[in-house]
Amino acid sequence: MEGSAPGTEVVFERLSHRFKHIEPLVLVWWCFVISTLCSTASRFSADPPSLLTVGLVTVGSGGCAWFWLLSRLLFRDTQKLSRRVVSVVPIVILIEATGALTSVSGPGGFENEAGRVLGNAASMVCIAAIVFTFIDVLHGFKQVRSESERQFRVVYIAAFSLLILVAILWASGANANSIAAKWNGALLTFCALFAVFGSRIALQYRLRNPHPAVRHDAADGEATAQLAQRILQAINDEKVLTTCNLKVSDFADQIGEQEYKVTRCITGHLQFRNFNHFLNSYRIDRAKRIFNDQAKSNLSIATVAYDCGFNSLGPFNRAFRQQTGVTPREYRQSQSVI
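Residues numbered from 1 in each chain as written. Predicted model: local features only at pLDDT ≥ 70, side-chain atom pairs only at ≥ 80, totals over all residues. Heavy atoms only, no water.

Caption draft 1: View of a nonpolar patch on the surface. Among the surface-exposed residues, Ile127, Val131, Phe132 and Ile135 lie close enough to one another that they form a single nonpolar patch of about 370 Å² accessible area. On the secondary structure map, Ile135 appears in helix α7 (residues 110–138). (Patch = residues over 30% accessible without salt bridge, like charges linked within 9 Å, V, L, I, M, F, W, Y side chains within 5 Å. Areas by Shrake-Rupley, 256 points an atom, 1.4 Å probe, with all protein chains shown as cover. Salt bridge = Lys/Arg side-chain N within 4 Å of Asp/Glu carboxyl O. Helix = DSSP H or I, 4+ residues; strand = E, 2+ residues; numbered from the N terminus.)

Written out as structure tokens, the structure is:
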């Protein structure tokens, strides 16, 4: 037992380290996904309710609050979560879970009445979350100059409106003989999966394209300038640069910084489209230096590609042509003529 203690401490230390490097936006997205999936699973649970059902209902409560919080992080100027904002979520979960469990388990009288009241309260909270979601998505829309950012917001609001239309306005409380009632389970499950995958696409877009205001604020900060120097110093390390399949998370670990801060610095302060654009730019510069070195003229293009960190020739050729306008072979021939 004594020998296992250090191992347990190492595991917890690693988990703590990874947790600190998770961006709040990603963490909230996972909470939303878990809540949505549990809520979906609870609809297919056995009757009478079991301990598993109670757990699914509890964890599955507050999906609307998690989605509002996710939308707030996607479209607000700041990525920081204040305690006041976060405290709303457990309150919503408590109201929704208590209302759902009371209405399900109460045989009659006061318990059913309490469940009805809490159910109405949960509905009001959900409506409020929907309203605030629209507000956060449209926040500062007139000041947005980027066309891609405007399109992103329009698509997001359209997809969210579609979910509201199907899940709440059509499927919820449908007449027993209607199509919506017959396909209620399938419709709600589709909406849940649509919300999960749609929010994942929105998350990936935001990670690659930080909020314009966030990008501007970060670029002016002394801390970001210092981080940029650390990033440039690390990428000029031959061992790091030539690491095959290098991901932004691995690179962030290399310099001991949070992944989302590294991404923002690269796309904001250093003005690259994304991490791969940044990485390939330095790798292609390395390849050009090799091609310019007459002592290495005997090296094949494939060897140069692998030496620069590419795991195949195709991506190397595409990245090289994108940056220089010519293929590696054409570039080498032009250098040999000179």
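And the narrative resumes.
Caption draft 2: Representation of the packing of helix α4 (residues 63–75) against helix α10 (residues 184–208) in the model. Contact geometry of α4 with α10 gives a least axis separation of 10 Å together with a crossing angle of 25 degrees. Considering the angle they form, α4 stands roughly parallel to α10. The handedness of the crossing between α4 and α10 comes out as left-handed. Contact residues: α4 offers Leu70, Leu74 and Phe75, while α10 offers Ser199, Ala202, Leu203 and Arg206. Of the residues belonging to the contact of α4 with α10, the class tally is 5 nonpolar, 1 polar and 1 charged. (Axes fitted to C-alpha atoms, helices over the stretch in contact; angles between N-to-C directions. Parallel < 35°, antiparallel > 145°, perpendicular 65-115°, else oblique. Left-handed = near helix turned anticlockwise from the far one by under 90°. Contact = heavy atoms within 4.5 Å. Nonpolar A, V, L, I, M, F, W, Y, C, P; charged D, E, K, R; others polar.)

Caption draft 3: Molecular detail of helix α15 (residues 259–269). With 8 of its 11 residues buried, α15 lies for the most part within the structure. Along α15, the residues classified as buried are Tyr260, Val262, Thr263, Arg264, Cys265, Ile266, Thr267 and Gly268. Immediately downstream of α15, the backbone of Gln271 shows phi near 65 degrees, a positive value. (Buried < 20%, exposed > 50% of the residue type's maximum accessible area, 1.4 Å probe, protein only.)

Caption draft 4: Seen up close, the nonpolar core. Ranked by internal contacts, the top residues of the largest apolar core, which has 41 residues, are Trp66, Leu69, Leu74 and Tyr156. Elements supplying a minimum of two residues to this core: α2 (24–42), α4, α6 (88–105), α7, α8 (147–170) and α10. Within the second largest apolar cluster, 20 residues are counted, among which are Ile235, Leu246, Leu270 and Leu279. (Core = buried A, V, L, I, M, F, W, Y, C linked by side-chain atoms within 4.5 Å.)

Caption draft 5: Up close: the environment of Arg150. Inspection of the secondary structure assignment puts Arg150 in helix α8. Exposure remark for Arg150: the relative accessible area of 26% places this residue in the partly exposed category. With 12 residues separating them along the chain, Arg150 and Leu138 place their C-alpha atoms 9.7 Å apart. Once residues lying within four places of it in the same chain are set aside, the contact partners of Arg150 are Phe141, Lys142 and Val144. A distance of 3.2 Å separates the side chain of Arg150 from the backbone oxygen of Phe141, its partner in a polar contact. (Polar contact = N/O pair within 3.5 Å; in protein donor to acceptor, adjacent residues only side chain to side chain.)

Caption draft 6: Region of the structure containing helix α16 (residues 275–292). Across its 18 residues, α16 extends 26 Å between first and last C-alpha, which sits within 8% of the 26 Å expected from 1.5 Å per residue. Where α16 begins, the capping side chain belongs to Asn274, and its oxygen is found 3.2 Å from the backbone nitrogen of Asn276. (Expected span 1.5 Å × (residues − 1).)

Caption draft 7: Here's a closer look at the environment of Ser42. Structurally, Ser42 is set in helix α2. For Ser42, a relative accessible area of 17% puts it in the buried group. The spacing of Ser42 and Gly60 is 18 residues in sequence and 7.7 Å in space, taken between C-alpha atoms. Excluding residues that lie within four positions of it along the chain, Ser42 makes contacts with Leu56 and Val57.

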